[in-house]
Amino acid sequence: MQRIMITGGAGFVGSHLCDRLLKDGHDILCVDNFFTGSKVNVSHFFNNSHFELMRHDVTFPLYVEVDQIYNLACPASPVHYQYDPVQTTKTSVHGAINMLGLAKRLKARIFQASTSEVYGDPEVHPQPESYWGRVNPIGPRSCYDEGKRCAETLFFDYHRQHNLDVKVVRIFNTYGPRMHPNDGRVVSNFIVQALKGEDITIYGTGQQTRSFCYVDDMVEGFVRMMATERGFTGPVNLGNPGEFTMLELAEKVLMLVGSKSKLVFMPLPVDDPKQRQPDITLAKAKLDWTPKVNLEDGLKETVHYFRTLLST
Ligand SMILES: NC(=O)c1ccc[n+]([C@@H]2O[C@H](COP(=O)([O-])OP(=O)(O)OC[C@H]3O[C@@H](n4cnc5c(N)ncnc54)[C@H](O)[C@@H]3O)[C@@H](O)[C@H]2O)c1
């Protein structure tokens, strides 16, 4: 049994990581400022003596005693990270400095939830970890993309300079129950619009592609990464390589919801990447990991979650 801290643990992915690590028999300290996360996401643990919830903003230092740290704190969807872009950069950069400082003092293993956004709008497809990316440093998405890139820099400098035991994964689009209903991400958008019988908003022509990983597969990848030998730092891409156009996704959602919503087309947002697909060769080799849940099964679970949420 380990004492494990999860920053951003009351968020979408973080709460599933709490589920998994508690099930594996660990003690969990969930740290969150509830900017996009919610107590409801973790309220099913409130009677569990192995679970502790702390309201804290990671841009401020934190002194606790734990064996491992998963650093997930950061709003992940454009509507939320662009709401207060300065705070977004602070969360990634000051948050990383504070958590790395804590890990250094504790000699604890520390995990960083980085992102495929470090590749920007890529010229290489699919993206291997060796690709350095094509990121606009001054656009509306930069607070997130550059914040996460700087956090990676800090993780690798703490590793080289202080011999810190770091693990970095780059997460590609992940979906599942407990996504925020108003976060503007394509899966939750389409499902909520379809359930409410509203028009489905497609940006651009709908021919741009994304790959979608179900949250249980993602969490399995996290746990495997954290269990790798000391010295293996990553970065490792985690995501589902199955590629779908936005039109294909919309059709699947309409079919699963049984909705008659119409598709409406809107202009593409600034710096929206046209294609994003992970090269997961490294994850397969080092973690023996591949996603297991297909899009249809994952969408069914997610539709069920949103149907219940909207009816309460
Ligand atoms: N879901 C995805 O598709 C995806 C893709 C790439 C990377 N990621 C990364 O994974 C992590 C989790 O993402 P998610 O989808 O669960 O998003 P989320 O917004 O649901 O979770 C982020 C959590 O961090 C908390 N948080 C934000 N700022 C904080 C701060 N200053 N101090 C403490 N807590 C703070 C939020 O309240 C929330 O609970 C993020 O770091 C995100 O960048 C997610």
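Since we're looking at a predicted model, the values are computed, not measured.

Criteria and cut-off values
Residues numbered from 1 in each chain as written. Predicted model: local features only at pLDDT ≥ 70, side-chain atom pairs only at ≥ 80, totals over all residues. Heavy atoms only, no water. Patch = residues over 30% accessible without salt bridge, like charges linked within 9 Å, V, L, I, M, F, W, Y side chains within 5 Å. Areas by Shrake-Rupley, 256 points an atom, 1.4 Å probe, with all protein chains shown as cover. Salt bridge = Lys/Arg side-chain N within 4 Å of Asp/Glu carboxyl O. Helix = DSSP H or I, 4+ residues; strand = E, 2+ residues; numbered from the N terminus. 1 Å grid on protein atoms, 1.4 Å probe; cavity = no way out; pocket = protein on both sides within 12 Å on 5 of 7 lines; lining within 4 Å. Points joined across faces, edges and corners; volume = space filled by probe spheres on them. Axes fitted to C-alpha atoms, helices over the stretch in contact; angles between N-to-C directions. Parallel < 35°, antiparallel > 145°, perpendicular 65-115°, else oblique. Left-handed = near helix turned anticlockwise from the far one by under 90°. Contact = heavy atoms within 4.5 Å. Nonpolar A, V, L, I, M, F, W, Y, C, P; charged D, E, K, R; others polar. Near = heavy atom within 4 Å. Polar contact = N/O pair within 3.5 Å; in protein donor to acceptor, adjacent residues only side chain to side chain. Expected span 1.5 Å × (residues − 1). Buried < 20%, exposed > 50% of the residue type's maximum accessible area, 1.4 Å probe, protein only. Disulfide = S-S within 2.5 Å. Bend = angle between axes of the 7 residues up to and from the residue.

**Q** Even after reading the chapter, I still don't get a nonpolar patch on the surface, so can you show me in this structure?
**A** Side chains of Y203, M266 and L268 sit close together on the surface and give an oily, nonpolar patch of about 250 Å² of accessible area. Among the secondary structure elements, Y203 is positioned in strand β8 (residues 200–203).

**Q** What am I meant to see in empty space enclosed by the protein here?
**A** As enumerated under the stated definition, the model contains 1 cavity of 30 Å³ or more in all. Within this model, the largest cavity holds a volume of roughly 30 Å³. Lining the largest cavity, in full, are N71, A73, C74, T91, S92, Q112, K148 and A151.

**Q** Is there a simple way to think about the packing of helix α3 (residues 85–106) against helix α4 (residues 142–162) in this case?
**A** Axes are the key here: two packed helices are described by the angle between their axes and the distance separating the axes. Running from N to C, α3 and α4 cross one another at 15°; their axes reach a closest spacing of 8 Å. Considering their axes alone, α3 and α4 lie roughly parallel with respect to each other. Two packed elements cross with a definite hand, and for α3 against α4 that hand is right-handed. From α3, P85, T88, T89, S92, V93, A96, I97, L100, G101 and K104 reach across to α4, where they touch C143, Y144, G147, K148, C150, A151, L154, F155, Y158 and H162. In the contact of α3 with α4, the residues fall into 12 nonpolar, 6 polar and 2 charged.

**Q** So what exactly am I meant to see when it comes to the site of the ligand here?
**A** Near the ligand lie 30 residues; those nearest to it are V13, D32, T36, Y144 and K148. In this structure, G37 approaches the ligand through a main-chain N or O atom, which is 2.9 Å from an oxygen atom. Contacts to the ligand include V58, whose backbone N or O atom sits 2.9 Å from a nitrogen atom. In the complex, the protein chains occlude 97% of the 820 Å² of accessible area that the ligand would expose alone. Listed by contribution, the elements that provide at least two residues to the shell around the ligand are α1 (12–23), α3, β5 (109–115) and α4. The dominant element in the shell around the ligand, judged by the number of residues it contributes, is β5, at 3 residues. Class assignment for the residues of the shell around the ligand results in 14 nonpolar, 12 polar and 4 charged.

**Q** Help me out: how do you make sense of helix α7 (residues 246–257) in this one?
**A** Along an α-helix, residues three or four positions apart point the same way, because every turn accommodates 3.6 residues. The terminal C-alpha atoms of α7, which comprises 12 residues, lie 16 Å apart, in line with the 16 Å expected from a rise of 1.5 Å per residue. Every buried residue of α7 is accounted for by M246, L247, L249, A250, V253, L254, L256 and V257. Buried-residue contacts for α7 involve α5 (186–196), β8, β9 (209–211), β12 (243–245), β13 (263–266) and α9 (295–311). A positive backbone phi angle near 70° is found at G258, which sits one or two residues after α7.

**Q** Is there a simple way to explain unusual backbone geometry in this structure?
**A** It is generally the case that most residues other than glycine have a negative phi and that most peptide bonds are trans. For the bond running from H125 to P126, omega is -10°, close enough to zero to count as cis. Cis geometry marks the peptide bond from G234 to P235, where omega comes out at 0°. Among the structural elements, P235 can be located in the loop between α6 (215–226) and β11 (236–238). Although it is not a glycine, K107 sits at a positive phi angle of roughly 55°.

**Q** Would you mind showing me how to read the layout of surface pockets here?
**A** Where empty space is left becomes clear once a probe the size of a water molecule has been rolled over the atoms. The space that makes up the second largest pocket amounts to roughly 190 Å³. Around the second largest pocket, the lining residues are H16, D19, R20, K23, P177, R178, Y214, D216, V219 and E220. Listed by contribution, the elements that provide at least two residues to the lining of the second largest pocket are α1 and α6. The greatest single-element share of the lining of the second largest pocket, amounting to 4 residues, is contributed by α1. Tallied by class, residues from the lining of the second largest pocket come to 3 nonpolar, 1 polar and 6 charged.

**Q** What am I meant to see in the state of the cysteines here?
**A** Each disulfide is one covalent bond, formed between the sulfur atoms of two cysteines. Applying the stated criterion across every chain, the model contains 0 disulfides. For the unlinked cysteine C30, the closest cysteine sulfur is that of C18, found at 4.4 Å. For C30, a relative accessible area of 0% corresponds to the buried category. The structure places no disulfide on C150, whose sulfur is separated from the nearest cysteine sulfur, that of C74, by 12 Å. Given the relative accessible area of 32%, C150 is considered partly exposed.

**Q** Where do I start with the side chain of T115 in this structure?
**A** You can see T115 is positioned in strand β5. For T115, the side chain forms a polar contact with the main-chain nitrogen of E117, separated by 2.9 Å. Setting aside its immediate chain neighbours within four residues, T115 contacts Y144, K148, V169, R170 and I171.

**Q** Explain α3 here, please?
**A** Relative to the 32 Å expected for 22 residues at 1.5 Å per residue, α3 spans 31 Å between its end C-alpha atoms, a close match to the ideal helical length. The largest bend along α3 measures about 25° and falls at T91. Those residues of α3 that fall on the buried side of the exposure criterion are T88, T91, S92, V93, G95, A96, N98, M99, L100, L102, A103 and L106. Positioned one or two residues after α3, K107 has a phi angle of 55°, which is positive.

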